[in-house]
Amino acid sequence: MKIGIVLYPTYGGSGVVATELGKGLAQKGHSVHFITYSQPSRLDCFNENLYYHEVDLLTYPLFHYPPYELALASKMVNVVKFEKLDLLHVHYAIPHASAAYMAKQILAEDNISIPVITTLHGTDITLVGKDPSFEPVVTFSINQSDYVTAVSEDLKKDTYSHFNIKKDIKVIPNFIDLIKFRKMKKDHFKKAICPNDEKLIVHTSNFRKVKRVDDALRVFQGIINAMPAKMLLIGDGPERANMEMLCRELDICDDTRFLGKQEAIEELLSVADLFIMPSEKESFGLAALEAMACEVPLISTNAGGLPELNINGKTGFLSDVGDIEDMTKNALFILQDENLTEFKQNALQRAKDFDISKILPQYEAVYNEVLDMKKNLVTDLNH
Ligand code: GMT
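Owing to the predicted nature of the structure, the values given are computational and were not obtained by experimental measurement.

(A) Spotlight on the site of the ligand. Around the ligand, the structure places 19 residues, and the nearest of them are His 121, Asn 174, Asn 206, Lys 211 and Glu 282. Ser 14 places a polar main-chain atom, nitrogen or oxygen, 2.9 Å from an oxygen atom of the ligand. Arg 208 is positioned such that a nitrogen or oxygen atom in its side chain is 3.4 Å from an oxygen atom of the ligand. Of the residues forming the shell around the ligand, the biggest block, 3 residues, is contributed by helix α1 (residues 13-27). Residues belonging to the shell around the ligand are distributed by class as follows: 5 nonpolar, 10 polar and 4 charged. Each of domain 1 (2-175 + 356-382) and domain 2 (187-352) accounts for three or more of the residues forming the shell around the ligand.

Right, here's the structure in full:
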């Protein structure tokens, strides 16, 4: 198949899922054409089946807001025609689903029928999409997609409750490549970070308010009141400076390190004992799955799709949003030497349910279904 994948090129979860999906499809022999405004951060390898098409965004003094959506739609038209794509798979509704709708209509003028699959990732529904400034367009473009998928049952439920959606939504969860994400022997890292064999806590995010990084820091404060531990904070975003200030207020600077964006995150996760995800909303929690694949148990909230990943009392614990006391108590329980090994093994076992080999065929089945729908439509029209 010739597949166009439209995505955000950044480190965010939707971009990671879209890029890893494309890489996996290319390995299986499909031609994959990424369409976005800069080189996707995870597109770091060569494969003869992978292509990247950059959206050219013309600036002009009149454009106070450069119209990216139009440039993207034009690029989609161009790539579909020139590369003879079979379908477009767009990740994150805004503005990708509406740009795809426009591209589809333009192509129809040339008698080219291009199926559009939209994958909903989370904040495109739960935060940004439902805002009145986007809601009508999001509702329309989801309903106009040929196929819609969501990354968790909870996100599917939220989509139906926030929007007037008439289409079926298929849940296809996030996935992980267990060959890349696995516990590696990195004793020198551990020694450098935890010279006195302290327990290592990790938080990874884009440091937006919704991630509640302050809760992670407060839980960590509770942990070091009870046992020696260190914390790594990986990633970057709008709340990072505030969080560095909070570390000073909580007097935990000596035991915390802010590492910013990291490429080989699996190497750091390999030496971690616990991952904290105290998010207010989280449609799936890809960063937590990456940790679990590296045998790291999870302290998380019960928000969004997290209960679909984190099994309470087995792979970690679930707490109400903001319940720092409960999260701290649970973290201390897991970190006891007599409990830690079992939680680590359970985390890995659970991660195996989301191995790319199990999830990628579900997307291929969707592609085959939309292509069959298209074939049947053409046959019907010819009769
Ligand atoms: O977590 C973020 O803020 C980034 C965001 C994105 O779209 O890039 O992630 C969302 O999509 C990921 C991949 O499907 C999910 O694993 C994340 O849970 C989801 N984030 C939220 O729902 C907050």
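On we go from here.
(B) How the structure looks around the nonpolar core. Of all hydrophobic cores here, the largest spans 72 residues; its most connected members are Leu 120 and Phe 275. Here the element with the most residues in this core is helix α14 (residues 356-382); it accounts for 8 residues. Every residue in contact with Leu 120, bar those within four places of it in the chain, is listed here: Ala 93, Ile 125, Ile 142, Val 148, Thr 149, Ala 150, Val 151, Leu 155, Thr 159 and Ile 169. Ile 201, Ile 252, Ala 331 and Leu 340 belong to the second largest nonpolar core, which has 29 residues in total.

(C) How the structure looks around the sheet that holds strand β12 (residues 298-301). A sheet is described by the order of its strands in space; here 6 strands give the open sequence β10-β9-β8-β11-β12-β13, paired in parallel fashion. Lying at the two open borders of the sheet, with one neighbouring strand each, are β10 (256-260) and β13 (316-319). Between one strand and the next, the sheet's axes are offset by a mean angle of 20°, whatever the strand orientation. Relative to the sheet, helix α12 (residues 324-335) contacts β8 (199-204), β11 (274-277), β12 and β13, its axis offset from that of β13 by approximately 175°.

Cut-offs and rules
- Every chain is numbered independently, its residues counted from 1 as its sequence is written.
- The predicted nature of this model means local features are confined to residues of pLDDT at least 70 and side-chain atom pairs, given and counted, to a pLDDT of 80 or more, with totals for whole chains, interfaces and linings taken over all residues.
- Computation of side-chain values: all heavy atoms of the structure, hydrogens and water removed.
- Whether a residue is near a molecule or strand is decided by its heavy atoms; if any one of them lies within 4 Å of it, the residue is near.
- Counted as a polar contact is a pair of N or O atoms within 3.5 Å, where, for protein atoms, one must be capable of donating a hydrogen and the other of accepting one, and residues adjacent in sequence contribute only when both atoms are in side chains.
- The numbering of helices and of strands both runs from the N terminus, where a helix is a DSSP run of H or I of at least 4 residues and a strand a run of E of at least 2.
- Note on residue categories: nonpolar means Ala, Val, Leu, Ile, Met, Phe, Trp, Tyr, Cys or Pro, charged means Asp, Glu, Lys or Arg, and polar means any other residue, Gly included.
- Note that domain bounds follow an automatic or database assignment of domains.
- Joining through side-chain atoms within 4.5 Å is the link that ties buried Ala, Val, Leu, Ile, Met, Phe, Trp, Tyr and Cys residues into a set, and such a set is a nonpolar core.
- Three labels apply to residues, based on accessible area from a 1.4 Å probe with only protein chains included: buried if under 20% of the type maximum, exposed if over 50%, partly exposed otherwise in between.
- In what follows, residue pairs with any heavy atoms lying within 4.5 Å of each other are defined as contacts.
- A pair of strands is considered paired only if DSSP assigns at least 2 bridges between the two.
- Where helices are involved, their axes are fitted lines through C-alpha atoms of the stretch in contact, as for all axes, and angles between N-to-C directions lie from 0 to 180°.

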